[in-house]
Every structure is written in C-alpha cells, then in structure tokens.
Amino acid sequence: MKSNLVIQTMLDHKSIRKYTDEVPSDEVIKTIVRVGQQAPFASQYYSVLLSRDRERNPYKAPLLFTICIDSYKFELIMARRNWKLVTNDLTLMLFGIQDAALMAENMVIAGRSLGLGSCFLGSALYRAEKIAEQYDLPKRVFPLVQLVMGYPAEDPPTRPRYPIEFTLFEDKYPKLNQDTISKAMQQMDEGYLAQDYYRNLNAKIKLENREETFTYDNYSWTEHICRKWGQWYPDPKTLLEQLEKCGFHITGKRLK
Ligand SMILES: Cc1cc2nc3c(=O)[nH]c(=O)nc-3n(C[C@H](O)[C@H](O)[C@H](O)COP(=O)(O)O)c2cc1C
C-alpha cells in the first residue's frame, strides 16, 4: 500500500472519548473549521455551532461542534436574487447530508493532523428540537450530528474495518456467499473483541424481546449493530417529527 503523511494521518484515525484539560487555541479551531469548509460541496448547505462548555460537553471534551444542515441562510441568498426554494426537502436533505458529512470529516482529519482527537455523536438526530432550542437555531436549520474534539488523554488502537473485498466491488456487485460474509464478520468481531472495546465502553445494548446470552467476552460489533438497528424505530415517525419541528417537511412514505 502507498503511504505518506496524509494517508498515515487518516489511517491512524480512532475515535477519542477521553480528553486532557488543554484548551485548543482559537487559531487551531479556526484552522480546523476552515479546512472543513474546503471539502467539496453541492451547495455549502451547512452551518457549524461551537460550544466550549467543557462541563456540559459529552466526554467532557473542550470543544463540541454541532454540524447542521442549513437551508435558512441558503434561502436568504435566494431571496436576495428574488428566487424561492421549490425543490423538495428530501432532495435538499440528501444533498445537505453529503455536504455536512464531508465537511465534518475534513474537520476530523485536520484535527488529527494537529494532534487533536474527536468523536462523532449520532444522538443529535433524536434531540434535534432540544439542540435547536439551546442554540437558537432558526427554522430550516437541522442539527445532523455532533462532534467532540480536544487533545487526547487516551491512545486506543485503531478499530477494524471490513476486508476491502467486502467493500470494493469492481464492475458488478458480486454474489456474496456465506464464506465471504463470515470472513467480514470475523474481521470486525475479532478486532473489536481483541480491544475489549464494548467492555471498556460499558456499551452493551439491552435486549428487549430476547434472552441475553452474551457477555463482554463474546459481545462484539456485529452483535452490537444488529441490536442497534434490529429493535427500535421501525417507522420514521420520530425522525420526521424532529425534522418537522426544525422546519423540514419530508414525506413519511416508504420510497419505492
Ligand atoms: C454518525 C456517527 C455517529 C456516532 N455516534 C457515536 C456516539 O453517539 N457515541 C460514541 O461514543 N461514538 C459514536 N460514533 C463513533 C463510532 O462509534 C466510531 O466511529 C466507530 O466505532 C469506529 O471507530 P473509530 O472511529 O475509532 O474508528 C459515531 C460515529 C459516526 C460516524
């Protein structure tokens, strides 16, 4: 495999959940956000809110970024040109997610290159209304994801990924046989178990309708992810409500 400083920095990525007391300077913060902005974009359909309230921030991180999909300021620009937005919100949301995600990941990489660690927090989606209130977000601004950042007080090993053969398919999507699936699961599960990842995080998801047979000795990534997506929110109502409270209107109908 090729290697250089950028590739090494990216391959060294690991989510950080413990932070030192050191406070990143304004210059560091501005650099990270400026690099985030340089990500490719469809419409720069985002804004970033920052909180330095360490006591309140998850993992007591010195920085908490809330990355929002922002149609509000976009529509202000359209109004200045005497245009109104007519495209449906689902399309805007899908493009907005891409813009915001690319931006956020650039921030992660820039942070790491300057010695900072970070960790995304997916719960924003379900707390959007509360977050909107906290930051006084105008309607048409939706908090997509949060990102804590600071100088790491831990140095865990990098976490595993699927084998590349389970990710990159050339020319045609292959028939996935049981052996290929087993290998992918094994790589993930053995990798997480070797680090005692879930035991260290104390993050076993409770089973609602099945008897528990797993301990932290065999509870691993594929079990975790099955529990995460196999138990709750069979219809999109909860998320649609959050979106609607933030001024986005997306049909609840299942896409064909
Ligand atoms: C959209 C998203 C949401 C996430 N939410 C959380 C979270 O709520 N809490 C947390 O500790 N980690 C969260 N993570 C971090 C993942 O758990 C982590 O990226 C994954 O386990 C891979 O580990 P690594 O980042 O160390 O390689 C999230 C990551 C993403 C991209």
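The present account deals with the structure reproduced in this document. Just so we're clear, the structure is a prediction, and the values are computed from it rather than from any experiment.

## A word on the site of the ligand
- Every one of the 13 residues lining the ligand counts as a neighbour, but His13, Ser15, Arg17, Tyr59 and Arg159 are closest to it.
- With respect to the ligand, the backbone of Phe120 contributes an N or O atom lying 3.3 Å from a nitrogen atom.
- Arg161 is positioned such that a nitrogen or oxygen atom in its side chain is 2.9 Å from an oxygen atom of the ligand.
- Relative to its free-state accessible area of 620 Å², the ligand is covered by the protein chains to the extent of 64%.
- Placement of the ligand is best described as lying within the largest pocket.
- When residues in the shell around the ligand are grouped by element, the largest group, 3 residues, is from strand S3 (residues 117-121).
- Among the residues making up the shell around the ligand, the classes are represented as 6 nonpolar, 3 polar and 4 charged.

## Focus on the side chain of Thr66
- Tracing the sequence through the fold places Thr66 in strand S2 (residues 63-70).
- The class for Thr66 is buried, based on a relative accessible area of 0%.
- Side chain to side chain, Thr66 and Gln146 meet in a polar contact 2.8 Å long.
- Residues contacting Thr66, with those up to four places away along its chain left out, are Ser47, Val48, Leu49, Ile131, Tyr135, Pro143, Val145 and Gln146.

## Quick notes on the packing of aromatic side chains
- On inspection of all chains with the given rule, the structure shows 10 aromatic pairs.
- Considering the side-chain rings of Tyr162 and Trp221, the 5.7 Å spacing of their centres and the 85° angle between planes classify their relative orientation as edge-to-face. Taken together, the positions of Tyr162 in the loop between strand S4 (141-150) and helix H6 (178-194) and Trp221 in helix H8 (residues 221-230) put the pair 59 residues apart, joining distant regions of the chain.
- Here Tyr162 falls in the partly exposed class, since its relative accessible area comes to 36%.
- For Trp221, a relative accessible area of 18% corresponds to the buried category.
- Aromatic pair Tyr197 and Tyr198: ring centres 4.9 Å apart, planes at 85°, arrangement edge-to-face. Residue Tyr197 shares its accessibility class with Tyr198, and that shared class is buried.
- Three or more aromatic residues joined by ring pairs form one cluster here, namely Tyr192, Tyr197, Tyr198, Tyr216 and Tyr219.
- The residue whose ring lies beneath Arg140 is Phe248, and the NZ or CZ to ring-centre distance is 4.7 Å.
- Of note, Lys204 hangs over the ring of Tyr216, and the distance from its end group to the ring centre comes to 5.1 Å.

## Observations regarding the nonpolar core
- Counting residues in each nonpolar core, the largest one holds 44 residues, and the members touching the most others are Phe65 and Met149.
- For this core, the secondary-structure elements that each account for two or more residues are helix H2 (26-37), S2, helix H4 (89-113), S3, helix H5 (128-134), S4 and helix H9 (237-245).
- Looking at this core element by element, the count peaks at 8 residues for H4.
- Aside from chain neighbours lying at most four places away, what touches Met149 is Tyr19, Ile32, Ala61, Pro62, Leu63, Phe65, Met107, Val108, Leu116, Gly117 and Ser118.
- Tyr192, Tyr198, Ile205 and Tyr219 belong to the second-largest nonpolar core, a separate cluster that totals 8 residues.

## As for the pattern of salt bridges
- Under the definition given, this model contains 14 salt bridges.
- Measuring nitrogen to oxygen at the nearest pair gives 2.9 Å for the salt bridge that ties Glu75 to Arg140. With Glu75 in helix H3 (residues 72-80) and Arg140 in the loop between H5 and S4, this pair connects stretches of sequence that are 65 residues apart.
- By relative accessible area, which is 14% here, Arg140 ends up buried.
- When salt bridges that share partners are traced, they join Asp12, Lys14, Arg112 and Asp155 into one network.

## Topic: unusual backbone geometry
- Look at Asn82: it is not a glycine, yet its phi comes out positive at around 65°.
- By the element assignment, Asn82 lies in the loop between H3 and H4.

## With respect to the sheet that holds S2
- With antiparallel pairing, 4 strands are arranged side by side in an open sheet as S1-S2-S4-S3. Edge positions in the sheet fall to strand S1 (46-51) and S3, since each has one partner strand and no second. Taking each pair of neighbouring strands and ignoring which way they run, the sheet shows an average axis angle of 25°.
- As defined by bridge partners, S3 adjoins S4 across 5 bridges and the pair is classed as antiparallel. Bridging from a neighbouring strand, Cys119 pairs with Val148 of S4.
- Contacts from H4 reach S1, S2, S3 and S4, with the element oriented near 10° to S4.

Quick notes on the rules
- Residues numbered from 1 in each chain as written.
- Predicted model: local features only at pLDDT ≥ 70, side-chain atom pairs only at ≥ 80, totals over all residues.
- Heavy atoms only, no water.
- Near = heavy atom within 4 Å.
- Polar contact = N/O pair within 3.5 Å; in protein donor to acceptor, adjacent residues only side chain to side chain.
- Areas by Shrake-Rupley, 256 points an atom, 1.4 Å probe, with all protein chains shown as cover.
- 1 Å grid on protein atoms, 1.4 Å probe; cavity = no way out; pocket = protein on both sides within 12 Å on 5 of 7 lines; lining within 4 Å.
- Sits in = over half its atoms within 2 Å of the grid points.
- Helix = DSSP H or I, 4+ residues; strand = E, 2+ residues; numbered from the N terminus.
- Nonpolar A, V, L, I, M, F, W, Y, C, P; charged D, E, K, R; others polar.
- Buried < 20%, exposed > 50% of the residue type's maximum accessible area, 1.4 Å probe, protein only.
- Contact = heavy atoms within 4.5 Å.
- Phe/Tyr/Trp six-rings, centres within 6.5 Å; stacked < 30°, edge-to-face > 60°.
- Lys NZ or Arg CZ within 6 Å of the ring centre and 35° of its normal.
- Core = buried A, V, L, I, M, F, W, Y, C linked by side-chain atoms within 4.5 Å.
- Salt bridge = Lys/Arg side-chain N within 4 Å of Asp/Glu carboxyl O.
- Pairing = 2+ DSSP bridges.
- Axes fitted to C-alpha atoms, helices over the stretch in contact; angles between N-to-C directions.

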